Each structure stands twice: as structure tokens, then as C-alpha cells.
Amino acid sequence: MLNEVTASSRHYVDRLFDPDPQKVLQGVMLLYLLQQETSSTELRTECAVVLGSLAMGTENNVKSLLDCHIIPALLQGLLSPDLKFIEACLRCLRTIFTSPVTPEELLYTDATVIPHLMALLSRSRYTQEYICQIFSHCCKLRHWHSCGFKSSPQPLLCANGPDHQTILFNHGAVQNIAHLLVSTSYKVRMQALKCFSVLAFENPQVSMTLVNVLVDGELLPQIFVKMLQRDKPIEMQLTSAKCLTYMCRAGAIRTDDNCIVLKTLPCLVRMCSKERLLEERVEGAETLAYLIETDVELQRIASITDHLIAMLADYFKYPSSVSAITDIKRLDHDLKHAHELRQAAFKLYASLGANDEDIRKKIIETENMMDRIVNGLSESSIKVRLAAVRCLHSLSRSVQQLRTSFQDHAVWKPLMKVLQNAPDEILVVASSTLCNLLLEFSPSKEPILESGAVELLCSLTQSENLALRVNGIWALMNMAFQAEQKIKSDILRGLSTEQLFQLLSDSDVNVLMKTLGLLRNLLSTRPHIDHIMSSHGKQIMQAVTLILEGEHNIEVKEQTLCILANIADGTTAKELIMTNDDILQKIKYYMSHSNAKLQLAAMFCISNLVWNEEEGSQERQDKLRDMGIVDILHKLSQSSDPNLCDKAKTALQQYLA
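What counts and how
- Residues numbered from 1 in each chain as written.
- Predicted model: local features only at pLDDT ≥ 70, side-chain atom pairs only at ≥ 80, totals over all residues.
- Heavy atoms only, no water.
- Helix = DSSP H or I, 4+ residues; strand = E, 2+ residues; numbered from the N terminus.
- Buried < 20%, exposed > 50% of the residue type's maximum accessible area, 1.4 Å probe, protein only.
- Polar contact = N/O pair within 3.5 Å; in protein donor to acceptor, adjacent residues only side chain to side chain.
- Expected span 1.5 Å × (residues − 1).
- Contact = heavy atoms within 4.5 Å.
- Phe/Tyr/Trp six-rings, centres within 6.5 Å; stacked < 30°, edge-to-face > 60°.
- Lys NZ or Arg CZ within 6 Å of the ring centre and 35° of its normal.

Draft legend 1. Main features of the side chain of E286. As for its position among the elements, E286 is in helix α17 (residues 278-292). E286 gets classed as buried once you look at its relative accessible area, which sits at 9%. Side-chain polar atoms of E286 contact the side chain of K347, separated by 3.2 Å.

Draft legend 2. Representation of helix α16 (residues 258-271). With 14 residues, α16 extends 19 Å between its outermost C-alpha atoms, agreeing within 8% with the 20 Å of an ideal straight helix rising 1.5 Å per residue. The element α16 is largely enclosed, with a buried count of ten among its 14 residues. For α16, the full list of buried residues reads C259, I260, V261, T264, L265, C267, L268, V269, R270 and M271. Tucked inside the fold, the buried residues of α16 contact α14 (220-227), α15 (234-249), α17, α18 (296-303) and α19 (308-313). Put simply, D257 is the residue that caps the front of α16, since its side-chain oxygen is 2.8 Å from the backbone nitrogen of C259.

Draft legend 3. Spotlight on the packing of aromatic side chains. By the definition in use, this model includes seven aromatic pairs. The interplanar angle of 45° and the centroid separation of 5.4 Å between the aromatic rings of F201 and Y290 together place this pair among those described as tilted. Placement of the pair is F201 in the loop between α12 (186-200) and α13 (204-211) and Y290 in helix α17, with a sequence separation of 89 residues. Y290 matches F201 in its accessibility class, with the two residues each being buried. For the pair Y246 and Y290, a centre-to-centre distance of 5.8 Å together with 75° between the ring planes defines the contact as edge-to-face. Within this pair, whereas Y246 is found in helix α15, its partner Y290 is found in helix α17, the two being separated by 44 residues in sequence. On the accessibility criterion, Y246 (1% relative accessible area) is buried. Chaining the aromatic ring pairs together yields one cluster made of F201, Y246 and Y290. A cation over an aromatic ring shows up here: R249 above the ring of Y290, its NZ or CZ 4.4 Å from the ring centre. Directly above the ring of W474 sits K514, whose terminal nitrogen or CZ lies 4.3 Å from the centroid.

Set out below in C-alpha cells:
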């Protein structure tokens, strides 16, 4: 049988996984022979080699081998004293673990495996190459942060317990792998480099350690910078740039460090050029997007390096026009990468335009940019749609663009369509963008309202997903700002009092703050205040009481007191405060609070209640005097805080007039 396989006949390999049980049995036999102590080392080594060949076949081959428990058998083989057999087992393990159907967790189920692999690193250049490759494929992140960019190439989940990075780090991965970066073998250097890129990603602990590691008298960042040089293979340049990028994003290297500004960033921009392979251009753009995502200065530098903004426009030109392609393989390759290229370009444009108005203008003026984004919003590929929405969100931070390009291209239409039926990760970014399109100066606000946005946003506030709840309520808050009474009534009807209470008791402070902001915007201008309080007054006063009594931060209480000040500005609504002794006592309490912001907010309530040009002001003034409010006003009029002092004097004048 072994002779037959050694011929490497693919036909034979696939027959081993034939539905016919007799033929599958041969694969099982190989595994059986591999595990027999009585088999000669040569035979067991040959079995491992053949199993490795089988694993290179289809994904079904790998699944069948996994079902036969090949991994424990090969790991057991690593305990052998024979180096050739160990190398064959590692090579087979490498092939199996690099298959997309193999769960990474299988490397971590037995706690003795990782330390044993670390010990085997010193045996030969092959053990070094294969073990590093296994580590870099089996080191996945457990969590993704809920916001931010997520543009890195390895966003995968892993099970509970310590995450893979921590396990490898705790078993000395950094110390054991660092010296391999200066190995004489290119393959070993490359696999060690890949290992460090996955270990450092989003990991401050690993990144801070890497910064201080010395290899042959040189610090690791210096070694990475050498590997970035133009004379090195592209794969090495890219992976070194990733290592430095991840260390920078994890806070271990400053964003203004020369190794980032003068080495890493220019290297990644180079990777975006036409000369590079499509795969390299994708990886370069995605890594660059991640590097500059949160740093304004890096965004500015990148935007003026090698005409990057114009260079990215080429990413949308694949596949090339069919007439230009005579090679069918080339067309297939272009088609395969076209989605990835568009996704990478949108991500990088999103990062470039995150903060700077001039950069946004340059991006929007790039040929057909708005059309490309609008088309991207309806692409079949979910990754392209997400990246297009991110790009739109980034550009929607511009007041000027909201008034011009966004209006010219009626961007709100495809955006509303995206919001109808999309997975949460797209909904989060799309609803953030909608928040910007609903600001009062945006011309898109009216048509969005007419297209049923209230109902959509109210439904988002009921989402299990925190970011969606925040965005739903935020968009409603923007919508309610200086809105007509009808829109405000629609919002209150759409939300329902029950849902409003639910949001006001949300455990997340962002949801609470935005809900209070919404209430504050709803309760503005007198007729609106009186109208809303006549129908919802009891419930709103109840909510205000609960928040002022609860354990909340200063900002929350300040916002709540501002809502009371708005209610106190109503004509009939202010009676809901005057007839509620509990609320009046709370306002009095906050007038003497140690925090000046809360004192000031409480003073606004009092000013509105005692304003003497309004009907019933005398009775209100008398009641508040009897409560001791005037005494507090006198005290505050002597305050060292000029705002408090002025406000107290203004209120006292109402008593004198």
C-alpha cells in the first residue's frame, strides 16, 4: 500500500476517502500503523508522510482524518526520540492545522502540548518552521471590540478560558521564537515573523514585551525595520509592517516614532501601488487602514504620500475590461480579488477621512467616488457592503459634504435600504451614519423622515445589541432637535412610554444620556412642552424622580435637571413641578450641591419658575420663598463662581420686580 501512495497519485489519495468503507479503511490502517510502538520508526515516519499527503487533498480528506482522531495520534508521535519521525508528524500537523476545517482549539485541549512544542523548537530548522506555522494559524482572538475598525486580517473567535495569545505568551513564545528571526533559513525567519504578528495583534501585554526584547544585541523593532527594507521579499516587508502596526496600535510604539512615520507607513503605501500583486495590495491597504485609523497626524501623512488617494481609485478597476483580458485564468483571478480590493479601498478611505475635512474633500473629488460608495452599499458581498458603509460614515462627519455631495447623490436612499435588512455589524455603522444625516443642517433629514425612519429607529432602541440601542436613540435625539410638533408626537408614539422607561433604566450610561438628550429635545419650545406634558407628564415626572434619586453620575443628573428646567419653562407644564413637593425638594437640594454644574442646572429650574412676567408667578414665588429658596439664592449671589453668582442675582431680581 505504501508503495502505491508514494507515487503521490491524487487518484489514490482521493480513493482513500471514497464512500466505500473498504477504501476508507486503508486510511485508518495508516493511522493504526503510525501508533504501533512495534512498527519500525521508518514505517511510522512513512505513514506520517503519507497522511500529510492525504491532508493536502480536499477539505473532506481533512475532515475524515479529524474524525479518525489524527491529531492526538500525531501529537503522541512528537514524544518519540527520533527527529525524522518528529519532523514528519509536525509537517502533517502543520498541513492539518492550516486547513480551514480544523478547529484551532484542538491544539490547546491537552495542556502539555504547548510546552512540549516550545521544547521541540530547538531541535532543527524544520521543527522551527512547522511549529511557528502551527502557532500562527492556531492563535486566534477571542473577542472583537464592539466599535472601531476591525480591519485586521485575522478576526476570529475562540472558546472561553485564556485566549490563545495568552497561552502562548505564558509558555514563553516570545523568548523561544525571538532568536528565530535571525535564523539562516528564510522560511524559519518568515514563520517566526508571522507568529509575532498574530501574537501582537490587539495585545498590549505581548506588544510591550516585544519592544524590549534583544536579539544579538538588537531590539526587535529594529529587526522588524530591517525586514521592511525594499530589498527584502514582499511577504517579509508586509509581515514586518504588520508587526510594527500592531505594536503601535497596542500602545507599545508611539504613533510619531520614526519607525512608524518614516518606515512602516511608507512601506504600506508602497504595497498599495499598481506594481504589487492584487493580494499584496489588499493586505497593504487593510493594514494601513488599521495603522492610521485613530491617529489624525498619520492620516494626514498617509494622504499626501505617493498620491495614495488617487492610487486607491485603481482598486475599483478590477476585473479589467474583458477585451483587455485574453487569459481566462487572469480573469478568474481578477474576479476573485475584485471584492477584496473594493473592500480594502473603502476601509482605507474610511480611515483617511475619519477626521480631516480637506482629506474628505479630496476623497469625494476622486473619480466617481460617491457612485462607487452608493454601488458598494448594494453589493452582494457583505464585507464590501460593510466597508462601503464605513466609508460613507467617515465622510458623513463633514458638514459641507452632507450639504453637497450627499444631497446630490441622494445617499440616504440606499442607506435606508441597507438599514431594512442587514446583519448587526452593518446596522451599527449604517445607523451611526444615519445619525449624522439627521442633524438639523442636513438636507437629507426631511426625506429620511418621510421614508419611515421613526419606526425603524424606534425598533433599533429595542435591540439586544448595545451599539444599536445607542444609535437608535441618538438618531431619534438628532431627529427631535428643533423639530415640528408632529415629528415629536410620532417619536413618542413610536417609542411608547413603556419603552421610554426601559431606556431610562438601561444599565448603559450612553443609552441613558442619549434618552435624556431625546427628552430634552422633545421638551423644547413652550407649545411643545405643554402639549407633551399634558399627555405624558405623569410618566415623565416619575422618570425624572427615579433618576435624581438613583446612583448616577454628574452628567446624567445635570441632563435630568436641564429637562426639569425645560418643563419649568412651559406655560401649563410648570404646574407639574409646582404641585410636586418631592421634585421641589430635590431642586432645592441640588442648589446647595457640592458640584457647580448641578447647582447651575437647578438654578435654571428656579429662574424659570419665578419669572415674574408669567401668570401665577406671585404664588410660585411665595411657595418657593416659604421653602427657603430665597435664602439659598442670597447665599449663591455671593458665590465665587461667576455663573452661579449671576444666575442667583437674576432670580432674586424677579422677586424685587
